[in-house]
Amino acid sequence: MAIGEFDLIATYFTHRYPQRDDVDIGVGDDGAVLKIPPNSELVVVTDTMVEGVHFDQQTPARAIGHKIVAVNLSDLAAMGAEPAWISLALTLPTVDHDWLTGFTHGLREICDYYQCQLVGGDTTRGPLTITVTAHGLVPTGKALRRNGAKPGDWIYVSGTLGDAGLALAASQQQHKLSPDYQRRLNERLFFPSPRVALGQSLRGIASSAIDVSDGLLADLGHILSASQVGARIDVDELPLSLALTESLSETDAYKYALTSGDDYELLFTVPEAQRGLFDTVIAHAAHKPVCIGRVTNEVEVVQLLYAGEPWSMPTDVALGFDHFKKPTSETEPEL
Ligand SMILES: [Mg+2]
């Protein structure tokens, strides 16, 4: 059935999304008109997912709808921002109503959960590509940055690492997983949970923050270069899921945790002076961040330790997770 752009938007993107009071004009005009509360700043992030690059044809449409919003909200979380509005640019090879139904289901579920309103977008014909721009709010001057880490600060990560990378590798036959572990790890790969509440609670506490999208070491590297510091990481303190540790050798498990991407946990630093306040803030958190090391003054040098002794990552273990993984930041500079 032929369907025009307006029908598509009317059918899939105007109804049953959360409606916020701060939206004067949403979908349906040439642009959205949005109210920014006093003493707040707007944080704007964008992410794109392309079929064949970030996901394959087997990826469920609902997962794609969830994940394109989740990865954007993860960037907002890393800035300490509260999600408010998203806009969507959707390029479709054909109008497949089953796919669109699944996609909008995933998109709407996560928008509902975070009370984030879809306020505009565009649809085009072409190779399957989805771009979301998310807008968040942060009290003036309180956004979390990458450049504030100081020697002596403690390094934390918000949850288990390597799960999404192992799920992808297993789907490409690099590893054999039990059906239960495959299911649990696929959940991490397809339906990541952005650490939105944690990001906001770190305002005024964390000295730097980033979300882990390209892998712990790659994203830690962004903090180290922005802050002009180094890091000591205790690999035996890295939080690992049972599904990961039971499926891999200890060395492979650390390698996935350090280098595979797509986990969307927060990586952040806390000064010693803020540690008491931080412990109070996370006392009742559902997922407790884990301390994995300390900031050093050796600029951009990462020391890996195991039981307090220097540890180096073996290079002979082939990891197959990068076929559909986001290109690393060397090839995809963040603008
Ligand atoms: Mg990011």
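Residues numbered from 1 in each chain as written. Predicted model: local features only at pLDDT ≥ 70, side-chain atom pairs only at ≥ 80, totals over all residues. Heavy atoms only, no water.

Draft legend 1. Representation of helix α9 (residues 250-259) in the model. With seven of 10 residues buried, α9 is to be regarded as a mostly interior element. Within α9, the full set of buried residues consists of Asp252, Ala253, Tyr254, Lys255, Tyr256, Ala257 and Leu258. (Buried < 20%, exposed > 50% of the residue type's maximum accessible area, 1.4 Å probe, protein only. Helix = DSSP H or I, 4+ residues; strand = E, 2+ residues; numbered from the N terminus.)

Draft legend 2. Just the nonpolar core, in detail. Residues Phe13, Trp99, Phe103, Ile130 and Phe268 are the most contacted members of the largest nonpolar core, which totals 52 residues. Looking at this core element by element, the count peaks at 10 residues for helix α2 (residues 61-78). When we break this core down by domain, the ones giving at least three residues each are domain 1 (5-139) and domain 2 (154-310). Every residue in contact with tryptophan 99, bar those within four places of it in the chain, is listed here: Ala61, Ile64, Leu90, Leu92, Leu128 and Ile130. The next biggest cluster of nonpolar side chains, apart from the first, holds 23 residues, and it includes Ile155, Val157, Ala231 and Leu304. (Core = buried A, V, L, I, M, F, W, Y, C linked by side-chain atoms within 4.5 Å. Domains from an automatic or database assignment. Contact = heavy atoms within 4.5 Å.)

Draft legend 3. How the structure looks around the coordination of the magnesium ion. Bound to the magnesium ion are the protein donor atoms Asp75 (OD) and Asp211 (OD), situated 2.1 Å from the metal. Placement of the pair is aspartate 75 in helix α2 and aspartate 211 in strand β8 (residues 208-211), with a sequence separation of 136 residues. Look at aspartate 75 and you get buried, because its relative accessible area is 18%. (Donors = N, O, S within 2.8 Å, 3.2 Å for Na, K, Ca; no water.)

Draft legend 4. Inspection of the sheet that holds strand β5 (residues 117-125) at higher detail. The four strands lie next to each other as β3-β6-β4-β5, forming an open sheet whose pairing is mixed. The open sheet has two free edges, formed respectively by β3 (40-50) and β5, since each of these has just one partner strand. Each strand of the sheet is rotated relative to its neighbour by a mean of 15°, with strand direction disregarded. The sheet contact formed by strand β4 (residues 82-92) and β5 spans eight bridges and is parallel. Note that in β5 the partner of leucine 90 across the bridge is threonine 123. The sheet contacts of α2 involve β3, β4 and β6 (129-139), and relative to β3 the element is tilted by about 140°. Taken strand by strand, helix α3 (residues 97-114) contacts β4 and β6, and its axis lies near 170° from that of β4. (Pairing = 2+ DSSP bridges. Axes fitted to C-alpha atoms, helices over the stretch in contact; angles between N-to-C directions.)

Draft legend 5. Expanded view of the pairing of strand β9 (residues 230-234). Here β9 lies mainly inside the structure; four of its five residues are buried. Where β9 meets strand β12 (residues 302-306), four bridges bridge the pair, whose relative direction is parallel. Bridging from a neighbouring strand, arginine 232 pairs with glutamine 303 of β12.

Draft legend 6. Focus on the side chain of histidine 135. When you line up the elements, histidine 135 lands in strand β6. Using a relative accessible area of 15% as the deciding quantity, one classes histidine 135 as buried. Other than its neighbours up to four places away in sequence, histidine 135 contacts Leu42, Val43, Val44, Leu76, Glu82, Pro83, Ala84, Trp85 and Ser87.

Draft legend 7. Summary view of the pattern of salt bridges. The tally for this structure, following the rule as stated, stands at 11 salt bridges. Residues aspartate 22 and arginine 20 are paired through a salt bridge, measuring 2.8 Å at the closest nitrogen-oxygen approach. In this structure, aspartate 22 and arginine 20 share a single accessibility class: buried. The salt bridge partner of lysine 67 is aspartate 262, with a shortest N-O separation of 2.9 Å. One end of the pair, lysine 67, is in helix α2; the other, aspartate 262, is in the loop between α9 and β10 (266-270), with 195 residues separating them in the sequence. Each member of the pair lysine 67 and aspartate 262 is classed as buried. (Salt bridge = Lys/Arg side-chain N within 4 Å of Asp/Glu carboxyl O.)

Draft legend 8. Layout of a nonpolar patch on the surface. Taken together, the side chains of Ile36, Leu42 and Val44 define a hydrophobic patch exposed on the protein surface, amounting to about 240 Å² of accessible area. Within the fold, valine 44 resides in strand β3. You can call valine 44 partly exposed: its relative accessible area is 48%. (Patch = residues over 30% accessible without salt bridge, like charges linked within 9 Å, V, L, I, M, F, W, Y side chains within 5 Å. Areas by Shrake-Rupley, 256 points an atom, 1.4 Å probe, with all protein chains shown as cover.)

Draft legend 9. Layout of the domain arrangement of the chain. Domain assignment breaks the chain into domain 1 (5-139) and domain 2 (154-310). A separation of 26 Å is found between the C-alpha centroids of domain 1 and domain 2. On the domain 2 side, the residues contacting the 22 residues of domain 1 number 16 residues. Summing both sides of the interface, domain 1 and domain 2 together bury roughly 1,600 Å²; the carbon and sulfur share of this comes to 63%. In this structure, the connection of domain 1 to domain 2 is made through one salt bridge. Inspection of the region where domain 1 meets domain 2 yields six residue pairs in polar contact (both at pLDDT 80 or more). Elements represented by at least two residues in the side of domain 1 that touches domain 2 include exactly α2, β4, α3 and β6. (Buried area = accessible area lost by both parts, 1.4 Å probe. Polar contact = N/O pair within 3.5 Å; in protein donor to acceptor, adjacent residues only side chain to side chain.)

Draft legend 10. Quick peek at the packing of aromatic side chains. Throughout the structure, instances matching the rule amount to eight aromatic pairs. Pairing tyrosine 12 with phenylalanine 13 gives two aromatic rings, centres 6.4 Å apart and planes at 55°, and the pair type is tilted. A single burial state applies to tyrosine 12 and to phenylalanine 13, both of which are buried. For the ring pair tryptophan 99 and phenylalanine 103, a centre distance of 4.9 Å and an interplane angle of 10° mean the geometry is stacked. Of this pair, tryptophan 99 and phenylalanine 103 both sit in helix α3, four residues apart, which is roughly one turn of the helix. You can call phenylalanine 103 buried: its relative accessible area is 0%. In textbook terms, an aromatic cluster arises when at least three aromatic residues are bridged by ring pairs, as seen for Tyr156, Phe268 and Phe278. Seen from the ring of tryptophan 154, arginine 275 lies directly overhead, with NZ or CZ sitting 3.9 Å from the centre. If you follow arginine 294 out to its NZ or CZ, it ends over the ring of tryptophan 154, 3.7 Å from the centre. (Phe/Tyr/Trp six-rings, centres within 6.5 Å; stacked < 30°, edge-to-face > 60°. Lys NZ or Arg CZ within 6 Å of the ring centre and 35° of its normal.)

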